Amino acid sequence: MDDNNKILRDKLYLEIKKQGLLEGKEGENNLKKQDNVKLYKLSEKTIKILNNRIKDEYTAHYYYRAAANWCLDMNYKKASAFFTNEAVDELTHAEKLQGYMTDFNILPEIAKTTTNHTFNNLIDIVNGAYEMELALMKAYNEDSQDVFSSDITTFDFLTEFREIQKGAVVEYNDLINASDLIDKKDKFQVLYFEQTYF
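Here's what I pulled together on the structure shown here.

Reading the values: the criteria
- Residues numbered from 1 in each chain as written.
- Predicted model: local features only at pLDDT ≥ 70, side-chain atom pairs only at ≥ 80, totals over all residues.
- Heavy atoms only, no water.
- Helix = DSSP H or I, 4+ residues; strand = E, 2+ residues; numbered from the N terminus.
- Buried < 20%, exposed > 50% of the residue type's maximum accessible area, 1.4 Å probe, protein only.
- Contact = heavy atoms within 4.5 Å.
- Areas by Shrake-Rupley, 256 points an atom, 1.4 Å probe, with all protein chains shown as cover.
- Expected span 1.5 Å × (residues − 1).

1. Regarding the overall build of the chain
Scanning the chain from N- to C-terminus turns up 6 helices and 2 strands. What you see in the chain, going N to C, is helices and strands ordered as α-β-β-α-α-α-α-α. For the chain, with 198 residues in total, the buried portion stands at 39%. For the chain, contacts bridging at least 24 residues in sequence account for 67% of all contacts bridging at least 6. Accessible surface, the chain as shown: approximately 12,000 Å² in total, 51% of it carbon and sulfur.

Structure representation (structure tokens):
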């Protein structure tokens with residue numbers, strides 16, 4: 001680095017320091033001091049939002065894992081494979097959320113969630129999945145609105161999750177529409193539904 005650039009850098013640093021831009025504040029400019037280096041820190045509001053969504057993603061994982069097991073036990077092999085993939089996807093989502101937090105030196109809090117689910121039939125699983133995915137889509141939308149004005153970095157990060165949830169809601173909406181074409185009490189028709197749409 002030549003002398004002119006070094007002088008300019010030093011002047012810029014002093015001006016930033018003088019204006020208090022290196023001070024810790026809630027939200028976008030929230031910095032954490034660490035050995036004379038101040039690191040960016042997510043706001044408490046953002047941390048709470050992300051921890052809540054981690055819990056929701058684990059809830060969805062356990063729901064789909066239970067659904068896959070139930071389907072395998074009932075010999076709905078295609079549906080079991082489908083819900084197994086869904087369970088893996090939900091774990092991936094939880095891991096991404098945790099990775100985002102640890103990237104900013106925040107340790108996620110993984111809350112307890114429902115791990116046991118019982119099902120009566122395949123159509124009930126689809127309906128339950130739709131309700132769960134719709135609630136999660138709404139939660140990600142609300143979270144994004146909450147952080148938009150104070151934490152655009154997290155807003156951008158949540159874009160992927162909003163898209164994922166929109167896709168999930170549409171997918172389960174299609175399955176519900178398809179299930180309306182059959183007699184849900186006729187086991188053969190439910191098996192046909194499973195073989196056709198999973």
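2. Structural notes on helix 2 (residues 44-73)
Taking 1.5 Å of rise per residue, the 30 residues of helix 2 would be expected to cover 44 Å, and the 44 Å separating its terminal C-alpha atoms lies within 8% of that figure. One or two positions beyond helix 2, positive phi appears at Asn75, with a value near 70°.

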